[in-house]
Amino acid sequence: MSAPTPSENTILDPYFLGLSFLVTFAIQMVFFFAASALKMDKVTDFAYGLGFVVLGVLLLVLGGTFHTRQILLCILTCLWGVRLAGYLLFRILKIGHDARFDGVREVFWRFLIFWVFQAVVVFITYMPLTFCLAQKVDSPYSWRDSLGYAMFVVGLIIETIADQQKFAYRNDAANKGHWCDVGLWKWSRHPNYTGELLCWWGLFSVSSAVFHLHPWQFVSIIGPLLLTMSILFFSGITRLERMADERYWFQPDYQQYRKQTSPCGSFRRQSTARCRSL
């Protein structure tokens, strides 16, 4: 079997990395300047999801090979991106304000740094798929495909249900002043992020099925790793945990919930007796 080769439709480089970076950066900067000029945060998360959708469609078309794996990767990316972008846009229009950007949106350079970081995350997270979509010759179906598709489906289901449950909870006036602890949120403090990470590790697994004759492409594992680090330690869970602690820490039930419930990745609750001993 001949080794997979990059696409002949070369733009800047045979693996579309340069094009992917420029397109990603351009999308984020267009939305940044609009958001900065209007001092708003309603398009921040929308631009994040949209970036993945644009990259998926653009690179599939430019690659021009349309192998089954490539088509499925594009479809799954668009499904994930459209759902996330649409939901987050609807949510921010509904609530009207994103407290994460208080003290940030008003300062040009701080706001710019956030958007640049978001562009870097989109570009690097998508890198495994960029390599796969640039391949001219397909590779046989493998266990990586099965594992990746299963992870993506489970992840998307978890992420979608978690978003819906929290949105419904927050929009019930009876829950004002209380944290979401129903459904999946009873078992994990951030099940939506658990689902997102499953999706992107799954997409990496599928993409890596074409890396076996070009082992250097496994360097693109930095994509899901960066996303994981970003969610766990930078723009995701850490910030949300800090905000929740400021709001609810004075409530003993919240402290119990925090001790008893995993932050991300484990849908297993510790026993009350175990929590009291911590």
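Bear in mind that the values here come from a model prediction, so they are computed numbers and not experimental data.

Thresholds, definitions, all that
Numbers given to residues run from 1 along each chain, matching the order in which its sequence is written. Owing to the predicted nature of the model, reporting of local features is limited to residues with pLDDT of at least 70; listing and counting of side-chain atom pairs is limited to 80 or more, with chain, interface and lining totals taken over all residues. Side-chain descriptors were evaluated using all non-hydrogen atoms of the structure, hydrogens and water having been removed beforehand. Strands here mean DSSP runs of E at least two residues long; helices mean DSSP runs of H or I at least four residues long; both are numbered from the N terminus. Computation of the radius of gyration draws on C-alpha atoms alone. For the globule rule, the value is 2.2 Å times the number of residues to the power 0.38. Each residue is assigned to one of three classes by its accessible area relative to the maximum for its type, calculated with a 1.4 Å probe on protein chains only: buried under 20%, partly exposed between the two thresholds, exposed over 50%. Between two residues, a contact is recorded if the distance between any of their heavy atoms is within 4.5 Å. Note on areas: these come from Shrake-Rupley sampling with a 1.4 Å probe, and a residue is covered only by the protein chains present in the view. In this charge count, Lys and Arg are treated as positive and Asp and Glu as negative; neither His nor the chain ends contribute. In plain terms, the charge of a residue is placed at NZ if it is Lys, CZ if Arg, CG if Asp and CD if Glu. The salt bridge definition used is simple: a Lys or Arg side-chain nitrogen within 4 Å of an Asp or Glu carboxyl oxygen. Between N or O atoms, a polar contact is any pair within 3.5 Å; within protein, one atom must be a potential hydrogen donor and the other a potential acceptor, and residues adjacent in sequence are included only when both atoms are from side chains. Any pair of Phe, Tyr and Trp rings, taking the six-membered ring for Trp, is counted once the centres come within 6.5 Å. Such a pair is stacked with planes under 30 degrees apart, edge-to-face with planes over 60 apart, and tilted for the rest. The term nonpolar core refers to a set of buried residues drawn from Ala, Val, Leu, Ile, Met, Phe, Trp, Tyr and Cys, joined through side-chain atoms within 4.5 Å.

J.: Describe the overall build of the protein, and please don't skip the residues or the numbers.
T.: Scanning the protein from terminus to terminus reveals 11 helices and zero strands. For the protein, the succession of helices and strands along the chain, N to C, is α-α-α-α-α-α-α-α-α-α-α. For 278 residues, the compact-globule estimate of 2.2 N^0.38 gives 19 Å, and the C-alpha radius of gyration of the protein, at 20 Å, lies within 12% of that figure. Counting only C-alpha atoms, the protein reaches 65 × 45 × 30 Å along its principal axes. Within the span of the protein, comprising 278 residues, buried residues form 49% of the whole. At a minimum sequence separation of 6, the contacts of the protein that also span at least 24 residues come to 77%. Per element, the accessible surface of the protein, about 13,100 Å² overall, is 68% carbon and sulfur. Across the protein, 25 positive and 18 negative side-chain charges occur, with their mean positions spaced 6 Å apart.

J.: I'd like a description of the pattern of salt bridges, backed by residues and values.
T.: Evaluated as defined, the whole model comprises 10 salt bridges. In this structure, the salt-bridge partner of Asp138 is Arg69, at a minimum N-O distance of 2.7 Å. With Asp138 in the loop between helix 5 (127–133) and helix 6 (143–170) and Arg69 in helix 3 (residues 68–95), the pair connects residues that are 69 residues apart, well separated along the chain. On the basis of relative accessibility, which here comes to 5%, the residue Arg69 falls in the buried class. Between Asp245 and Arg258 there is a salt bridge, with the nearest N and O atoms lying 2.9 Å from each other. Within this pair, whereas Asp245 is found in helix 9 (residues 237–248), its partner Arg258 is found in helix 10 (residues 252–260), the two being separated by 13 residues in sequence.

J.: Got a sec to walk through the environment of Ala34? Specific residues and values, please.
T.: Among the structural elements, Ala34 can be located in helix 1 (residues 17–38). Each C-alpha atom of the pair Ala34 and Val120 lies 19 Å from the other, and the pair is 86 residues apart in sequence.

J.: Tell me what's going on with the side chain of Arg69, and back it up with residues and numbers.
T.: Within the local environment of Arg69, its side chain forms a polar contact with the side chain of Asp138, the two groups lying 2.7 Å apart. At a separation of 3.1 Å, a polar atom in the side chain of Arg69 contacts the main-chain carbonyl oxygen of Pro140. Leaving out residues up to four positions away in the same chain, Arg69 has contacts with Cys132, Asp138, Ser139, Pro140, Tyr141, Ser142, Asp145, Tyr149, Val206, Ala209 and Val210.

J.: Quick rundown of the packing of aromatic side chains? Include the residues and the values.
T.: Under the counting rule described, the total for this entry stands at 31 aromatic pairs. Members of the aromatic cluster, each reached through a chain of ring pairs, are Tyr15, Phe131, Trp201, Phe204, Phe211, Trp216 and Phe218.

J.: Quick one: what's the story with the nonpolar core, residue by residue and with numbers?
T.: With 59 residues, the main nonpolar core has Tyr48, Trp80, Trp115, Tyr126 and Trp200 as its most contacted residues. When residues of this core are traced back to their parent elements, those giving at least two are helix 1, helix 2 (44–63), helix 3, helix 4 (108–125), helix 5, helix 6, helix 7 (191–207) and helix 8 (222–233). For Trp80, the residues in contact, after removing those within four places along its chain, are Tyr48, Phe52, Phe152, Leu156, Glu159, Glu196, Cys199 and Trp200. Counting nine residues, the second largest nonpolar core, distinct from the first, contains Ala162, Tyr248, Tyr254 and Tyr257.

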